[in-house]
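A look at the structure
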Amino acid sequence: MTRLRSVDLARLAGLSTQQIRNYEDAGVLPPAERTASGYRTFTELHRQALLAYRALVQGYGPVPAARIMRTLHEGDTPAALALVDAAHAALHEERGALRATGEALEALRAEPAPPPHHGASLRIGEVARLLGVRTSALRVWEAAGLIDPPRERGTRYRLYGPADVRDARIVHSLRRGGHLFAQIGPVLTELRREGGSETALRSALAARAQTLTARTRAMLAGAGRLHAYLDVVSAAGTTTGSTADGPEPSAR
């Protein structure tokens, strides 16, 4: 079996020798054997582990990727694969939330555009009359975190500025369309982030959809490399969580 030094493995991956040491210490790589003088020696198994980790990082991120590899090298393959499943489930939820936001935004576009409100701040009763709803509905939307009008000093009356009225209109329109609070909240959050521009929000949602697609492809590539590594481990007939007999690890 070909033996590799830290520097050999580092050169193969375009890394520093210190990064290789750090990866072994973190459990990203399986434990390395040591020479009589305490130097680490690596094998093809370690090279494959390194390739799997670096591929996982691209789609799953460095922290989840390290956790997956560390769990695998601790000898718990089912738990490591469960982490992979959890990452894919989280991505699925993120994609679903993005889709719901897009659908709510399209429903909002179908609504007739209201006249913009540029005047002085309005009290809750005035906003209720403007929208044709009860004041209790506005209070429910506020309690749900959808709107947050500031309070007047002293009287503590709610004061709805132009942005607050816009948000209340959006909630009213989407509620009439049957959208749930959980679907409306992201629309408002994104609109505020984009300065209240629906056009900018659509562009942001499209860009995020492209990002999710790229992440999905990267995760598939990472999972494929992890699968190949598991085959190498099985073929080697080794337990990745075991350490070879030898001297105590050193900094070499």
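Everything that follows concerns the structure shown earlier in this document.
Residues numbered from 1 in each chain as written. Predicted model: local features only at pLDDT ≥ 70, side-chain atom pairs only at ≥ 80, totals over all residues. Heavy atoms only, no water.

Attention now goes to unusual backbone geometry. Its identity as a non-glycine residue notwithstanding, Arg156 has a phi of 65°, on the positive side. A relative accessible area of 51% means that Arg156 is categorised as exposed. (Buried < 20%, exposed > 50% of the residue type's maximum accessible area, 1.4 Å probe, protein only.)

So, about the pattern of salt bridges. Taken as a whole, this structure holds 15 salt bridges when the rule is applied. For Glu33, the salt bridge identified is with Arg3, shortest N-O distance 3.4 Å. Of this pair, Glu33 sits in strand β1 (residues 33–34) while Arg3 sits in the segment before α1 (6–13); the two residues are 30 residues apart in sequence, bridging distant segments of the chain. Using a relative accessible area of 42% as the deciding quantity, one classes Arg3 as partly exposed. When the shortest N-O distance is used, the salt bridge between Glu190 and Arg193 registers 3.2 Å. Residue Glu190 and its partner Arg193 are located together in helix α9 (residues 181–193), separated by three residues, close to a single helical turn. By relative accessible area, which is 8% here, Glu190 ends up buried. Classification of Arg193 by relative accessible area gives exposed; the value is 52%. One network of salt bridges, in which partners are shared, links Glu24, Asp25, Arg34 and Arg40. (Salt bridge = Lys/Arg side-chain N within 4 Å of Asp/Glu carboxyl O. Helix = DSSP H or I, 4+ residues; strand = E, 2+ residues; numbered from the N terminus.)

For the rest of this paragraph, the subject is the environment of Leu180. By the secondary structure assignment, Leu180 is in the loop between α8 (162–176) and α9. On the basis of relative accessible area, Leu180 is assigned to the exposed category, the value being 52%. Considering only alpha carbons, one finds Leu180 and Ala104, 76 residues apart in sequence, at a separation of 9.7 Å.

Under the definition given, this model contains one aromatic pair. Here Tyr23 and Tyr53 contribute two aromatic rings whose centre-to-centre distance is 5.1 Å and whose plane-to-plane angle is 65°, an arrangement assigned as edge-to-face. Taken together, the positions of Tyr23 in helix α2 (residues 17–25) and Tyr53 in helix α3 (residues 44–60) put the pair 30 residues apart, joining distant regions of the chain. Classification of Tyr23 as buried rests on a relative accessible area of 16%. (Phe/Tyr/Trp six-rings, centres within 6.5 Å; stacked < 30°, edge-to-face > 60°.)

Each pair of packed helices gets described by two things: the angle between the helix axes and the distance between those axes. Put simply, α3 and helix α4 (residues 62–73) touch, their axes get as near as 7 Å, and they point 145° apart. Between α3 and α4 lies a crossing whose hand is right-handed. Between α3 and α4, the contacting residues are Ala49, Ala52, Tyr53, Leu56, Val57 and Tyr60 on the first element and Pro62, Pro64, Ala65, Ala66, Ile68, Met69 and His73 on the second. Its residues placed into classes, the contact of α3 with α4 shows 12 nonpolar, one polar and no charged. (Axes fitted to C-alpha atoms, helices over the stretch in contact; angles between N-to-C directions. Left-handed = near helix turned anticlockwise from the far one by under 90°. Contact = heavy atoms within 4.5 Å. Nonpolar A, V, L, I, M, F, W, Y, C, P; charged D, E, K, R; others polar.)

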